[in-house]
Amino acid sequence: MPQLQLPIFPADVSPINKQIAVSCESGKVVYVYGLLPVFQHEREDLASFRLFSSQMIANGSVRHSEITRTYGVPLATMKRYVKLYRQKGAPGFLAPRRRRSAVVLTPED
């Protein structure tokens with residue numbers, strides 16, 4: 001049976017919505033559900049941010065608008081990340097990017 005949880009967070013966090021908040025201290029970003037930390041990553045780790053924020057949206061924990069308001073990420077960008085998460089899952093964010101090499105022209109015989 002679901003239980004109502006009051007929106008009680010530690011003092012030094014920024015709420016994303018009534019259930020989830022985020023804190024950044026000493027170079028680490030920590031996501032908090034109530035009083036419990038649920039995920040953390042380095043401040044500069046964009047792949048982990050993209051993965052976890054997309055996962056929260058796909059699971060219904062937060063809305064696109066809440067992430068865009070909290071972090072200032074464009075709405076179209078977040079929708080693209082969620083689409084990538086739904087199609088490829090976590091490997092879509094953590095795989096190295098494919099780069100195409102330059103076209104090399106060779107003389108014809």
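The present account deals with the structure reproduced in this document. (Residues numbered from 1 in each chain as written. Predicted model: local features only at pLDDT ≥ 70, side-chain atom pairs only at ≥ 80, totals over all residues. Heavy atoms only, no water.)

1. Quick word on the pairing of strand 3 (residues 28–33)
Definition in use: By the convention used here, strands pair only if DSSP detects at least 2 bridges between them. Helical segments are the DSSP runs of H or I of at least four residues, strand segments are the runs of E of at least two, and each set is numbered from the N terminus.
Where strand 2 (residues 20–25) meets strand 3, six bridges bridge the pair, whose relative direction is antiparallel. Residue pairing for strand 3: Ile20 is matched across the bridge by Tyr33. Two elements, strand 3 and strand 4 (residues 36–42), share six bridges in a ladder whose sense is antiparallel. Counted as the bridge partner of Tyr33 is Leu36 from strand 4.

2. So, the packing of helix 1 (residues 46–59) against helix 3 (residues 75–88)
As a reminder, the rule being used: For helices, the fitted line uses only the C-alpha atoms of the stretch in contact; every axis is such a line through C-alpha atoms, and the angle between N-to-C directions lies from 0 to 180 degrees. Roughly parallel means an angle under 35 degrees; roughly antiparallel, over 145; roughly perpendicular, 65 to 115; everything else is oblique. Every residue pair with non-hydrogen atoms within 4.5 Å of one another is taken to be in contact. Residues were grouped as follows: Ala, Val, Leu, Ile, Met, Phe, Trp, Tyr, Cys and Pro as nonpolar; Asp, Glu, Lys and Arg as charged; and all remaining residues, including Gly, as polar.
Relative to each other, helix 1 and helix 3 sit at 80°, their axes nearing to 9 Å. Taken together, the axes of helix 1 and helix 3 are roughly perpendicular relative to one another. Between helix 1 and helix 3, the residues in contact are Arg50, Leu51, Ser53, Ser54, Gln55, Ile57 and Ala58 and Met78, Tyr81, Val82, Tyr85 and Arg86, respectively. The residue inventory of the contact of helix 1 with helix 3, partitioned by class, reads seven nonpolar, three polar and two charged.

3. Some words on the nonpolar core
Heads up, the condition is: Definition used in this section: a nonpolar core is a set of buried Ala, Val, Leu, Ile, Met, Phe, Trp, Tyr and Cys residues joined via side-chain atoms within 4.5 Å. Accessibility here uses a 1.4 Å probe with only protein chains present; expressed as a share of the type maximum, an area under 20% marks a residue as buried, one over 50% as exposed, and anything in between as partly exposed.
Ile16, Tyr31, Met56, Ile57, Val62, Ile67 and Met78 are the most contacted members of the largest nonpolar core, which has 18 residues in total. Elements supplying a minimum of two residues to this core: strand 2, strand 3, helix 1 and helix 3. Examining the composition of this core, we find that five residues originate from one element, helix 1, more than from any other. Among all residues touching Ile57, those that are not within four sequence positions of it are Val62, Arg63, His64, Ile67, Met78, Val82 and Arg86.

4. Re helix 2 (residues 64–71)
Every buried residue belonging to helix 2 is among Glu66, Ile67 and Thr68, and all of these are buried. Check the buried side of helix 2 and you find it contacts helix 1 and helix 3. Positive backbone phi, approximately 75°, marks Gly72, located one or two places after helix 2.

5. Some points on the side chain of Ser23
Position of Ser23 among the secondary structure elements: in strand 2. For Ser23, a relative accessible area of 7% translates into the label buried. With residues up to four places along the chain from it excluded, the contact list for Ser23 reads Asp12, Val13, Lys28, Val29 and Val30.

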